[in-house]
Amino acid sequence: MAKFLVQNGEPLYGVVQISGAKNAVLPEMASAILTKEKCKISDVPNLIDVKVMKEILVSLGGSINQIDDNVLEINMEELSKFEASYEHTSKMRASFLLMGPLLARAGYAKVYMPGGCTIGERPIGLHLKGFEALGAEIIAKENYIEATAPENGLKGAAIYLDFPSVGATENIMMAAALAKGTTYIENAAQEPEIVDLANFMNKMGAKIKGAGTDSIKIEGVKSLHGAAHNVIPDRIETATFMLAAAITRGEVMIKNVVPDHVKPITAKLRECGVTVEITEEGLYVNAADKKLIATDLKTLPYPGFPTDIQSPFMSFLTTVEGSSTVIETVFENRFMHVAELNRMGANIKTEGNRAVVQGGKKLEGSRVIATDLRAGAAMVLAGLVASGTTEVSQIYHVERGYEKFVEKFRALGANILRIED
């Protein structure tokens, strides 16, 4: 098993280029199932999750041409299989996004229960509710789900989501693209990744309006065609490097960003006293020689503070003076990193979905675990300012979501190594 060795060093300084968004490219790859023509996707991050999605699409009968490191050409003309195997789906949550496009194009889909980070239940009931509203028959077994469209195909419907689930919004949107009639998704998720998926599908000939709002309208069409698309920058990676500059009291220029996508992080860092400026080059973050103070935060669906940045931001809060309260409203099991930070000398107490951070503590290097993808990034951030050496294990979580993680940090002056145990 590989691990990271992180040591305290100088403040981070320099320029970093953000990769394409993992949470945008995975549903876009799945949506290529909707057409028999070739699709070209650029700015694809080289990640384990992307590799798994490529393997799944090939297993379904597709072919993928890796044009260069970050450009894929996907051809799903031959769809010979309608089942995503347990071997693949157990590795990542996004595998369930195959059900919508398979159901739309083939009228049948079988997907084993998805895996991924253990940060909470993340139930798939909203996905299934949407498919049933479109006319599909659902058979739920202990470890897999089968969905079958009626003989005359899926039909548009009005669907209200009890919670603005990103995955359910995307899955229903893909299923509805080829349905007869019009589908309305109310209380839809509003994340930028959903807008990016809608933009890609519209290039393919879909008729989707309202993506980015809580009400999405999809007019079904008979078929979709091939298209080329550039993936949006990864806002979670952007926020991670914003916090890397802040926690080390460094100065970093972050390129290839959409500033609107990280507004909540920008606002909270400014509340703490960090300088964040939008420039022609990108996002300039400066925490050098500044007296930083605590702030409170509460995770919410977009455009609120993202749950994916709660744990890295908590690492930062351990280093600033004052008491901070962090409230997690999206996932019920997303404080597993607290025990790891406390092992490093942090003073964090949790009760239910609330954590209170007593900041200004001197962190000490320790052996810690990346309990999930973003918690792994949080451990690395803490290790950058902890005395001695921090050893982060189970880093396969981190490598699922960050491209060239070690290389980018080292280029900014971080003392981090990846070693094989």
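Residues numbered from 1 in each chain as written. Predicted model: local features only at pLDDT ≥ 70, side-chain atom pairs only at ≥ 80, totals over all residues. Heavy atoms only, no water.

On to the overall build of the chain, then. In terms of helices and strands, the chain carries 14 helices and 24 strands. Over its C-alpha atoms the chain spans a radius of gyration of 21 Å, differing by no more than 12% from the 22 Å that the globule rule assigns to 421 residues. With respect to the principal axes defined by its C-alpha atoms, the chain has extents near 65 × 45 × 45 Å. When each of the 421 residues of the chain is scored for burial, the buried share is 57%. Summarising the internal contacts of the chain: among those between residues at least 6 apart in sequence, 74% fall at separations of at least 24. As displayed, the chain offers around 16500 Å² of accessible surface, 47% of which is attributable to carbon and sulfur atoms. A distance of 1 Å separates the average location of the 44 positive side-chain charges in the chain from that of its 51 negative side-chain charges. (Helix = DSSP H or I, 4+ residues; strand = E, 2+ residues; numbered from the N terminus. Rg over C-alpha atoms; globule rule 2.2 N^0.38 Å. Buried < 20%, exposed > 50% of the residue type's maximum accessible area, 1.4 Å probe, protein only. Contact = heavy atoms within 4.5 Å. Areas by Shrake-Rupley, 256 points an atom, 1.4 Å probe, with all protein chains shown as cover. Lys, Arg positive; Asp, Glu negative; His and termini not counted. Charge placed at Lys NZ, Arg CZ, Asp CG, Glu CD.)

What follows covers the packing of aromatic side chains. This structure, assessed with the given rule, holds seven aromatic pairs. One aromatic cluster in this structure is built from Phe4, Phe241, Tyr402, Phe405 and Phe409. Directly above the aromatic system of Tyr144 lies the positively charged group of Lys110, at a separation of 4.3 Å from the ring centroid. (Phe/Tyr/Trp six-rings, centres within 6.5 Å; stacked < 30°, edge-to-face > 60°. Lys NZ or Arg CZ within 6 Å of the ring centre and 35° of its normal.)

With that settled, the discussion passes to the pattern of salt bridges. This structure, assessed with the given rule, holds 17 salt bridges. Where Glu391 meets Lys3, a salt bridge forms, and the shortest distance between an N and an O atom there is 2.8 Å. Here Glu391 is found in strand S23 (residues 389-393), whereas its partner Lys3 is found in strand S1 (residues 2-7), with 388 residues between them in sequence. Per residue, the accessibility class of Glu391 equals that of Lys3, and both read buried. What emerges from the salt-bridge pattern is a single network uniting Lys3, Arg367 and Glu391. (Salt bridge = Lys/Arg side-chain N within 4 Å of Asp/Glu carboxyl O.)

Let's shift gears to the sheet that holds strand S18 (residues 297-298). Taking strand neighbours across the sheet as the criterion, the four strands line up as S18-S19-S21-S20 in an open arrangement whose pairing is mixed. The strands lining the two open edges of the sheet, one partner per strand, are S18 and strand S20 (347-351). Of the pairings in the sheet, the one linking S20 to strand S21 (residues 354-358) comprises five bridges and is antiparallel in character. In the sheet register, Glu351 faces S21, and the bridge partner there is Arg354. Helix H10 (residues 310-317) rests against S18, strand S19 (323-327), S20 and S21 of the sheet, and its axis sits at about 170 degrees to S19. (Pairing = 2+ DSSP bridges. Axes fitted to C-alpha atoms, helices over the stretch in contact; angles between N-to-C directions.)

Counting through the fold element by element, Asn199 comes out in helix H7 (residues 192-203). For Asn199, a relative accessible area of 37% puts it in the partly exposed group. Sequence spacing of Asn199 and Leu79 is 120 residues, and the spatial spacing of their C-alpha atoms is 24 Å.

The next thing to look at is the sheet that holds strand S17 (residues 283-286). In space, the four strands of this open sheet follow the order S2-S15-S17-S16, with mixed pairing throughout. Edge positions in the sheet fall to strand S2 (13-17) and strand S16 (275-278), since each of these pairs with one other strand and no more. Neighbour-to-neighbour, the strand axes of the sheet open up by a mean angle of 15 degrees, direction not taken into account. Inspection of the sheet shows S16 paired to S17 by four bridges, in the antiparallel sense. When the sheet's bridge partners are listed, Glu277 is paired in S17 with Tyr284.

This part covers the packing of helix H6 (residues 166-176) against H7. Packing of H6 against H7 brings their axes to within 10 Å, and their N-to-C directions diverge by 10 degrees. Of the possible angle classes, the one that applies to H6 and H7 is roughly parallel. Judged by residue contacts, Val166, Thr169, Glu170, Met173 and Met174 of H6 engage Glu193, Ile194, Leu197, Ala198 and Met201 from H7. Looking at side-chain class alone, the contact of H6 with H7 contains seven nonpolar, one polar and two charged residues. (Parallel < 35°, antiparallel > 145°, perpendicular 65-115°, else oblique. Nonpolar A, V, L, I, M, F, W, Y, C, P; charged D, E, K, R; others polar.)

It is worth spelling out H7 at this point. Between its first and last C-alpha, H7 extends 17 Å over 12 residues, near the 16 Å set by a 1.5 Å rise per residue. At the C-terminal side of H7, Gly205 shows a positive phi close to 110 degrees. (Expected span 1.5 Å × (residues − 1).)

Along the chain, Thr169 turns up in helix H6. We classify Thr169 as buried; its relative accessible area is 0%. At 3.1 Å, the side chain of Thr169 and the backbone nitrogen of Ala189 are in polar contact. Here Thr169 is in contact with Leu161, Ile185, Ala188, Ala189, Ile194 and Ile216, once residues within four sequence places are set aside. (Polar contact = N/O pair within 3.5 Å; in protein donor to acceptor, adjacent residues only side chain to side chain.)

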